[in-house]
Amino acid sequence: MQVQVHQTRAEMGKAAGSWVEKKIIELAGKQDEIRIVFAAAPSQNEFLSYLRNSSLIPWEKVVAFHMDEYLELEPSHPALFSHFLKATLFDNIPLKQIHLIDGNNSIEKECERYAALLNEKQIDIVCMGIGENGHIAFNDPPVADFNDDKLLKMVELDEVCRQQQVNDGCFENLAKVPTHAITLTVPALLNADMICCVVPTAQKRKAVHQTLYGQIDENCPASILRGHWNCHLFTDQDALPQLNPLIPQDALFAMDILTRNLCICVDEHGIRPTSVNIPENVHPQIPFCGKGLIDLQVNGIAGIDFNENGLGLKAIRKSVKSLLDKGVTGFFPTLITNDPQIITENLITIDQACQNDALVNSCILGIHLEGPFISSIEGAKGAHPEKHIQKPSWELVEKFQKASGGRIKLITLAPELKGAKELIQRCVKGNILVAIGHSNSSSQDIARATEAGATLSTHLGNAAPLMLPRHPNILWDQLAHNELYASLIADGFHLDPSFLKVVLKVKGEKAFLISDSTKFFGMEPGVYESPIGDEIILEENGRLAMKYGNGLLAGAAKSLMQGIEFLVKEDLLELPEAWRMASEVPLFFAGLESQSDWLIFRLENGTSIKIDKVFKQGEQIVTNT
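Values in this document were obtained by computation on a predicted structure and should not be read as measured data.

Caption draft 1: Main features of a negative patch on the surface. Taken together, Asp496, Glu509, Glu570, Asp571, Glu574 and Glu577 make up a surface patch of like negative charges. Within the fold, aspartate 571 resides in the loop between α16 (560–569) and α17 (575–581). Judged by its relative accessible area of 69%, aspartate 571 falls in the exposed class.

Right under this line is the structure:
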C-alpha cells in the first residue's frame, strides 16, 4: 500500500483525482473500455469534484459501477447512493455506460444480475473510502469476510455504520437510516487491478490507524487493503497526523501457489486464505505459500529406516521432524518385504509412536505396506529380499493390521500371484487401498486387479521386469486403465523425462509424486549396508543403487520437494501443477481430509524452492531451513 498524507482535504482530493486521471488515460491507450467502481459518500466530494472537472479523462471509454446501495428506500429518496453519484459525477460526464444497484429489486435476483455485470470483464479501478468502523463498502466488521465466495450480498448494517450516515448529514436521525443494504464483498473490491482509497477527517483517524498498523482481520475490514498489490491511500493530516513505517508486505502476506489467492500470515499461527485473487500479470513482492506436501511412500530418512530391526519411538519422532523440515506435513511410513516378525514389531512401534506423540500422530496419515506379496522376478522385485516374498494371505494382512492399530491404508502387491484377486477384494472391504507394483502382470492380471478394486500403480515405470515386449506390456496396460492412479518418483534417476511426460499427459489429475526416500536421504555419499541385505552406494548426485545389482536402483535419496523442482526444471509442469501433484492429489487419492498445514517459501532461480516456515495444525514448526 502506498500512503499519501496531505495538509488539507482539498489537496488530498486533488492528489487522488490526479492519480486516477493518470491511470484512466494510461488504460485508454491500451483498451477500449475502462471499468471503474465508485463509492458514494461525502468523504469523496473533493476527489469526485476533481474528476468531474477534468478535461483530460476520456469518459466515453469508462463503464461506471457503484459499490453499495440501501434496501427498500423509495426510488426518489435523496439518500440513495445512486442519486449521490449521479449528482456529483455521473450526470456531469459522458460515460460509456452506467450500472447501478437497484435496492428495490429482489435481493437474490439483483445480486445475481449485478455480479454477472461485474464478471463480464476485469474491474480496472475501485475508488473507495473507509468507514468509521473500518468498513469498505458496507462490509462492516460483523459481516465482512475476506474469504467470501460471493461478489455481492445483502448485509445488516451495524450501529456505528448507521450513525455515520447521520453524522454525514444523509439522514436526520438513526431511526431513519435503513438497517440493510446490498454491497460488493471484500474480494469483489480487492480483485480490482487498482484501488484509490480516499479518507479524510479526524472522525476516520482510528479507522485509518487500524487499517495501517492494526491486526489484519475483519475487526477492521479495511486492514486487508495492505495486501493489495496496487492500492493507494490518500488522506489528510486530520485522519493521519503522523505516518509511521509500515510492516513490510512480505512479512504479512503470501500468495497461494495453487490458486494465486492472497493469504494472510497470521503471526505464528499459520495462514489465512482469502478469496482475493492476484492477476496473472501481477508479480507482488511477497512469498508463496502452499498446502503441506503429502508423501505416500517414505521408507526412511536421515539414517532412520522403518524397515530396520529395533526401530524406536525416538527414531520415528526424529523422522517426522526431518520430513517436516523438508515440507512434508503428512506421510505414509512404508514397510517393504521383510521378515514378518520385524514388520510386525515395527508396525507396533509406529502405532505406539502415534498414540504417544500428537505431532507424530498428526503427520503419519497411514501406513503403506509395499510387499511382501510381490513378484520374485529380477527387476520386478527391485531391491526387495527374495527370501521374504510371500503368497497373498489375508490372514497375514489381518495380523499386520492388528499390530498397526488399524493404520495400514495402502498395500502394494503383484496381481498375477495366485490369490491376489481375492486379497484385493478383502482389502477393499477392509478400507485398505490396493496398488499394483513390483509385478510382472499380464493385461488380464491388471484387468482383474482393477475390477477387484485396485486403484493405483506404485512408482509406475519402476520395479518392472528388465526386458519387456513392445506391446502389450505392464507399463502400457497400466497407463491404459483409467481407474488407476499413478505414483511417480521424479528424482531424475528413476524415470526419464520423456516417460514422465507421457504419464502426465495420460493420467493427468490421477498422477502424483512420491519420494520413495530411504534412510540414506540426508546422509553423506558412500557405501552403506542396507537393512534388507546387500550393500548400497549413495552417489554424490543423490543416486542410490545396489552395489552388486548392475546399476539397479535401491530406492531414492531425494525429497518430495526435489521431485517438484525436477518437474519444473525439466519444463514438464508449471510449479502450481507440480505442487498439486505432491499435495492435493495424493491426499484425494488416499481419501484423507484436507490438512490445515501450510508452507511459506520463496523461489530462487525459477526452480529452487527455499522454505521459510512450516505450519502444522496452525503451529509454526520450522523456520529458515
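Structure's up, so let's keep going.
Caption draft 2: Quick peek at helix α4 (residues 107–119). Compared with an ideal rise of 1.5 Å per residue, which puts 13 residues at 18 Å, α4 spans 18 Å between its outermost C-alpha atoms and is within 8% of the ideal. Considered for burial, the residues of α4 that qualify are Glu110, Cys111, Tyr114, Ala115, Leu117 and Leu118. For α4, the buried positions fall inside an angular range of 155° around the axis, keeping them on one side. Exposed residues lying more than 90 degrees from the buried face of α4 are Glu108, Lys109, Glu112 and Asn119. Summarising the contacts, the buried residues of α4 are in contact with β2 (34–38), β3 (62–66), β5 (97–99), β7 (152–156) and β8 (180–184).

Caption draft 3: Region of the structure containing the nonpolar core. Among the nonpolar cores identified, the biggest contains 88 residues, and Leu293, Phe331, Leu488, Leu513, Ile564, Leu567 and Trp579 are the most heavily contacted of them. The element that contributes the greatest number of residues to this core is α16, accounting for 6 residues. Dropping the residues within four chain positions of it, leucine 293 is found in contact with Lys326, Gly327, Val328, Thr329, Gly330, Leu560, Met561, Ile564, Trp579, Ala582 and Leu599.

Caption draft 4: Geometry of unusual backbone geometry. Here the amide bond leading from glycine 371 into proline 372 is cis, since omega sits at 5°, within 30 degrees of zero. For proline 372, the location among the structural elements is in the loop between β19 (367–370) and α11 (394–403). For the bond from histidine 471 to proline 472, the omega torsion is -10°, close enough to zero to count as cis. When you line up the elements, proline 472 lands in the loop between β22 (456–457) and α14 (474–480). Here the phi dihedral of alanine 302 falls at roughly 50°; this positive angle occurs in a residue that is not glycine.

Conventions and cut-offs
Residues numbered from 1 in each chain as written. Predicted model: local features only at pLDDT ≥ 70, side-chain atom pairs only at ≥ 80, totals over all residues. Heavy atoms only, no water. Patch = residues over 30% accessible without salt bridge, like charges linked within 9 Å, V, L, I, M, F, W, Y side chains within 5 Å. Areas by Shrake-Rupley, 256 points an atom, 1.4 Å probe, with all protein chains shown as cover. Salt bridge = Lys/Arg side-chain N within 4 Å of Asp/Glu carboxyl O. Lys, Arg positive; Asp, Glu negative; His and termini not counted. Charge placed at Lys NZ, Arg CZ, Asp CG, Glu CD. Helix = DSSP H or I, 4+ residues; strand = E, 2+ residues; numbered from the N terminus. Buried < 20%, exposed > 50% of the residue type's maximum accessible area, 1.4 Å probe, protein only. Expected span 1.5 Å × (residues − 1). Arc of directions from axis to C-beta. Contact = heavy atoms within 4.5 Å. Core = buried A, V, L, I, M, F, W, Y, C linked by side-chain atoms within 4.5 Å.

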